[in-house]
Amino acid sequence: MSTAAPFLVLAVLLVLLGRWGSWRSQDLVPANLPMAERERRAKVVRRGAVSAYVVAAVFVVVSVAALF
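Values in this document were obtained by computation on a predicted structure and should not be read as measured data. (Residues numbered from 1 in each chain as written. Predicted model: local features only at pLDDT ≥ 70, side-chain atom pairs only at ≥ 80, totals over all residues. Heavy atoms only, no water.)

Colleague: Tell me about the overall build of the protein chain, and please be specific about residues and values.
Modeller: In terms of helices and strands, the protein chain carries two helices and zero strands. Since a compact globule built from 68 residues should have a radius of gyration of about 11 Å, the 16 Å found for the protein chain marks it as more spread out than a globular shape. Scored against the burial criterion, the 68 residues of the protein chain give a buried share of 19%. Long-range pairs, those at least 24 residues apart, make up 61% of the contacts in the protein chain with a sequence separation of at least 6. (Helix = DSSP H or I, 4+ residues; strand = E, 2+ residues; numbered from the N terminus. Rg over C-alpha atoms; globule rule 2.2 N^0.38 Å. Buried < 20%, exposed > 50% of the residue type's maximum accessible area, 1.4 Å probe, protein only. Contact = heavy atoms within 4.5 Å.)

Given below as structure tokens:
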């Protein structure tokens, strides 16, 4: 039980980070870039947000496995 809690906390933090990154992807890119480059970098930020979701899912699976 003691191992599962930190993994769940990390999973929640990663989900929050992923949501924040996907919502604010346009704002996180510098405004002085050309439009095509801004869009490309915003896609990279959104891809990072999806990666945070995937790692959060792995942490949830590991925390459930730690219970057994």
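Colleague: Please give an account of the pattern of salt bridges that cites residues and values.
Modeller: Note that side chains of opposite charge can pair when their charged atoms are close. Inspection of the entire model under this criterion finds three salt bridges. Between E37 and R40 there is a salt bridge, with its nearest N and O atoms 2.8 Å apart. A residue pair is termed a helical-turn pair when its members lie 3 or 4 positions apart in one helix, as E37 and R40 do in helix α2 (residues 35-66) at three residues. Judged by its relative accessible area of 46%, R40 is partly exposed. (Salt bridge = Lys/Arg side-chain N within 4 Å of Asp/Glu carboxyl O.)

Colleague: Tell me about the side chain of R38, residues and numbers included.
Modeller: Mapped onto the elements of the fold, R38 is located in helix α2. Here R38 occupies a buried position and makes no salt bridge, while the nearest side chain of opposite charge, D27, is found at 5.8 Å. Discounting residues that sit within four places of it in the chain, R38 has contacts with Q26, V29, P30, A31 and L33. (Lys, Arg positive; Asp, Glu negative; His and termini not counted.)

Colleague: Go over the packing of aromatic side chains, please, and point to the residues and values.
Modeller: Enumeration over the complete set of coordinates arrives at one aromatic pair. Taken together, a centroid distance of 5.6 Å and an interplanar angle of 25° make the contact between F7 and F59 stacked. One end of the pair, F7, is in helix α1 (residues 4-23); the other, F59, is in helix α2, with 52 residues separating them in the sequence. What makes F7 partly exposed here is its relative accessible area of 23%. (Phe/Tyr/Trp six-rings, centres within 6.5 Å; stacked < 30°, edge-to-face > 60°.)

Colleague: How would you explain the UniProt feature "transmembrane region" (unreviewed entry) in the protein chain if you had to name every residue and give the values?
Modeller: When the UniProt feature table is mapped onto this chain numbering, "transmembrane region" (unreviewed entry) sits at residues 48-67. Measuring from the first to the last C-alpha atom of residues 48-67 gives 29 Å, for a span that is 95% helix and 0% strand. (UniProt positions renumbered as here; feature names shortened; annotations may be inferred.)

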